[in-house]
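Chain residues, written in single-letter form:
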Amino acid sequence: MSVVRSGLFINLEGVDGVGKTTQIELLAAWLEARGEQVVITSEPEGTPLGEAVGGWLRGHGAEAPVPRAEALLFLAARAQHVATVIRPALAAGAVVVCSRFTESTLAYQGYGLGLPLAELAVADGLAREGCQPDGVLVLDLAAGAALERRGGRTMAEDAIEARAAAFHQRVADGFRALAAAEPARRRLIDASGSTEETAALIQVVVGGWLAERGR
């Protein structure tokens, strides 16, 4: 009789332009080569509800939500995401690799927009209902360097990316503060090197997490 192993939940974080999408693809390929079943997902776009929320938040034009409304919309998408995508995948024994989760809420709506971190943590706890990443990879890159990397994108269509440089600096500082507060679970990864160098750093950390769980 086959035994289904409990899943592993890995979250990648960092400012826009840090390279999360590329690193998630490389990490997933590396995990699959090790024989792991991998589910790639993201927030808020991991469900149809989240896709609608994310599309509106990033392209709302003049109808900008107040910070609390923005946070609650992201958290509503998280509640749906956890219930319909993440928990079922973990129950099946998969390694879930997600772009953005709790740390993005704290960094963007907390450090970036100034909402109280304690209040956000309570609301986030309600949304994720005890579901928490086993490990968080915080890709670290200076906000200015990340801006240069995403310079080819059309920022006018993304209301969040188009915010002032000071906002993105607060977000970057917030990610570093969150990593420092829980260094065993939230690992700061230097993303200033080449794609391959960053991927190698990630593999060392994730390999350690897998070994701790006998995978």
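Relevant structure appears above.
Residues take numbers from 1 onward in each chain, read along the sequence in its written order. In keeping with the predicted nature of the model, local features appear solely for residues at pLDDT of at least 70, side-chain atom pairs appear and are counted solely at 80 or more, and the whole-chain, interface and lining totals rest on all residues. Processing note: side-chain calculations cover all non-hydrogen atoms of the structure and skip hydrogens and water entirely.

1. Description of the sheet that holds strand β3 (residues 95–99)
For step 1, the next point in the chain: The sheet built from 5 strands is open, its strands ordered β2-β3-β1-β4-β5 with parallel pairing. For this open sheet the edge positions go to β2 (38–42) and β5 (186–190), each flanked by a neighbour on one side alone. Across the sheet, the mean angle separating the axes of adjacent strands is 20 degrees when strand polarity is ignored. Here, any two strands with at least 2 DSSP bridges between them count as paired. A run of H or I in DSSP becomes a helix once it reaches four residues, and a run of E becomes a strand once it reaches two; helices and strands are each numbered from the N terminus. Note on definitions: angles span 0 to 180 degrees between N-to-C directions of axes, and those axes are lines fitted to C-alpha atoms, for helices only across the stretch in contact.

2. Here's the deal with the nonpolar core
For step 1, the next point in the chain: Side-chain atoms within 4.5 Å link the members of a nonpolar core, which is a set of buried Ala, Val, Leu, Ile, Met, Phe, Trp, Tyr and Cys residues. Exposed residues in this analysis have more than 50% of their type's maximum accessible area, buried residues have under 20%, and partly exposed residues fall in between, with area computed by a 1.4 Å probe over protein chains only. Of all hydrophobic cores here, the largest spans 41 residues; its most connected members are Ile-10, Leu-27, Leu-137 and Val-206.
For step 2, the next point in the chain: It is helix α7 (residues 165–181) that contributes the most residues to this core, 6 residues altogether.
For step 3, the next point in the chain: Working rule for contacts: check all heavy atoms of both residues, and any pair within 4.5 Å makes them a contact. Discounting chain neighbours no more than four positions away, the residues touching Ile-10 are Leu-27, Val-95, Val-96, Val-97, Cys-98, Gly-135, Leu-137, Val-206 and Trp-209.
For step 4, the next point in the chain: Membership of the second largest hydrophobic core comes to 10 residues, among which are Val-82, Ala-89, Ala-94 and Val-96.

3. Overview of unusual backbone geometry
For step 1, the next point in the chain: In this chain, Glu-43 is followed by Pro-44 through a cis amide linkage whose omega measures 5 degrees.
For step 2, the next point in the chain: Its place among the elements puts Pro-44 in the loop between β2 and α2 (48–58).
For step 3, the next point in the chain: Not every positive phi belongs to a glycine, and Arg-100 is a case in point at roughly 80 degrees.
For step 4, the next point in the chain: Structurally, Arg-100 is set in the loop between β3 and α4 (102–112).
For step 5, the next point in the chain: Looking at Arg-100, the relative accessible area reads 7%, which means it is buried.

4. Some details on α2
For step 1, the next point in the chain: Buried within α2 we find Gly-50, Val-53, Gly-54, Leu-57 and Arg-58. End-on view of α2: buried residues confined to an arc of 115 degrees, all on one side of the axis.
For step 2, the next point in the chain: Buried residues in α2 make contact with α3 (67–91). Read the arc as the range of directions from the helix axis to the C-beta atoms.

5. A closer look at the pattern of salt bridges
In a structure, side chains of opposite charge can pair up when their charged atoms sit close to one another.
For step 1, the next point in the chain: Salt bridges are defined by distance alone: a side-chain nitrogen of Lys or Arg within 4 Å of a carboxyl oxygen of Asp or Glu. A full pass over the atoms with the stated rule returns 17 salt bridges.
For step 2, the next point in the chain: Its salt-bridge partner being Arg-100, residue Asp-16 comes within 3.2 Å of it at the nearest N-O pair. Here Asp-16 is found in the loop between β1 (8–13) and α1 (20–33), whereas its partner Arg-100 is found in the loop between β3 and α4, with 84 residues between them in sequence.
For step 3, the next point in the chain: One salt bridge in this structure joins Arg-213 and Asp-134, with 3.8 Å as the shortest N-O distance. You can see Arg-213 sitting in the segment after α8 (195–212) and its partner Asp-134 sitting in the loop between α5 (117–128) and β4 (135–140), a full 79 residues away along the chain.
For step 4, the next point in the chain: In the salt-bridge network here, residues are joined through shared partners; they are Glu-43, Arg-78, Asp-124 and Arg-128.

6. A few points about the environment of Arg-128
For step 1, the next point in the chain: Topologically, Arg-128 is positioned in helix α5.
For step 2, the next point in the chain: Given a relative accessible area of 16%, Arg-128 falls into the buried group.
For step 3, the next point in the chain: For Arg-128 and Ala-79, which are 49 residues apart along the polypeptide, the C-alpha to C-alpha distance reads 5.5 Å.
For step 4, the next point in the chain: In this structure, Arg-128 is in contact with Arg-78, Val-82, Arg-87, Phe-101 and Thr-102, ignoring residues within four places of it in sequence.
For step 5, the next point in the chain: Between N or O atoms, a polar contact is any pair within 3.5 Å; within protein, one atom must be a potential hydrogen donor and the other a potential acceptor, and residues adjacent in sequence are included only when both atoms are from side chains. At 2.8 Å, the side chain of Arg-128 forms a polar contact with the side chain of Asp-124.

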